[in-house]
Amino acid sequence: MRKVELNKELYNYISLHEISYNNKKVIILRIKNIPLKPFVLTQDYKYRGKIIRTGVAYTRNRDTNTPINSAASDDETSLMWKERFGLNKKPRERALELLKNYDNWEYEEKTDSFYYNQHPEYKIESIELKEDNVYILSTFEKYLLTLTLIDPNKLVKEIYSVKYNNTEIGIKATIISGLDNGRRLIPYPFLESDGKDNALEYYIKDNHELDICQIIQRHLYGNKEFYGTECINDYDVTYTIKKMTKFKIK
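From a predicted model like this one, the values you see are computed outputs, not experimental measurements.

Draft legend 1. Helix 7 (residues 237-244), seen in detail. All of the buried residues in helix 7 are Val237, Thr240, Ile241 and Met244. When helix 7 is viewed along its axis, its buried side chains cluster within an angular range of 100° and face the same direction.

Right under this line is the structure:
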């Protein structure tokens, strides 16, 4: 493999294992199914007297390989490119992936929303609340640690929705802002009963609500004009949860 010039690095996705089976040594070659296909040569390679050509995509379907003197069909190649660029996924599934790329989201002041800079059809917009924040946050206050930086009277509950081409796709986040004199925000936690008249409060690790909160927080904490020169750009929502609340992340 190291003698082959490929368009993408592949070595990290290949592993070789040796096992014993029926008193015989068996070598297992594992190739991870990753969305970076198609892999093609950038230089011709001679193998057993035959030439594997530059830029040609080969496939293996079940137990059948593309002949070395042929190429993958147009439909097969098209499916591989769609997988690489995420075009084979539904908008909701794709959006959940894009939410992990925090640095690629931009703030649009005119609409007070966020859009993904490489795919602006994906947006994060706030939803107007008709509920009474005072009533909601009175139940939330007991979950905060006793810190001078927290004024429960300034806490605000907000809801954000991810949209694709202005259509909601079932991804929402409920966020509490106002922590640390308005500099920090956290998602609203999950609350459930433990079966003994007690409440369990927690966050789910890698949940999309944490991602949405992190995107918004990065914009707010990077706004030096609003916060002054003492703001910290490298901000983490998980750190705020651990420092200012009694909630756990599981």
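Draft legend 2. Structural view of the pairing of strand 8 (residues 113-116). Here strand 7 (residues 105-108) pairs with strand 8 via four bridges, running antiparallel. Paired with Glu108 across the bridge in strand 8 is Ser113. Linking strand 7 back to strand 8 in an antiparallel pair, the connection comprises four residues, with Asp112 at a positive phi of about 50°. Sheet topology note: the strand 8/strand 9 (residues 119-127) ladder contains four bridges and is antiparallel. What sits directly across from Tyr116, in strand 9, is His119. In this antiparallel pair of consecutive strands, strand 8 and strand 9, the connection spans two residues.

Draft legend 3. Structural detail: the nonpolar core. If you look at the biggest cluster of nonpolar residues, it comprises 31 residues, and the most contacted ones within it are Leu99, Trp105, Ile124, Val162, Ile175 and Ile212. Of all elements in the fold, only helix 2 (91-98), strand 8, strand 9, strand 10 (156-164), strand 11 (167-178), strand 12 (184-187), helix 5 (208-221) and helix 7 reach the threshold of two or more residues within this core. Excluding residues that lie within four positions of it along the chain, Ile175 makes contacts with Val156, Lys157, Glu158, Tyr160, Leu185, Ile186, Pro187, Tyr188, Ile212, Cys213 and Ile216.

Draft legend 4. Region of the structure containing the side chain of Asp211. With respect to the helices and strands, the residue Asp211 is situated in helix 5. Using a relative accessible area of 3% as the deciding quantity, one classes Asp211 as buried. Once you skip the residues sitting within four places of it in the chain, Asp211 turns out to touch Leu99, Lys100, Tyr102 and Asp206.

Reading guide: rules and limits
Residues numbered from 1 in each chain as written. Predicted model: local features only at pLDDT ≥ 70, side-chain atom pairs only at ≥ 80, totals over all residues. Heavy atoms only, no water. Buried < 20%, exposed > 50% of the residue type's maximum accessible area, 1.4 Å probe, protein only. Helix = DSSP H or I, 4+ residues; strand = E, 2+ residues; numbered from the N terminus. Arc of directions from axis to C-beta. Pairing = 2+ DSSP bridges. Core = buried A, V, L, I, M, F, W, Y, C linked by side-chain atoms within 4.5 Å. Contact = heavy atoms within 4.5 Å.

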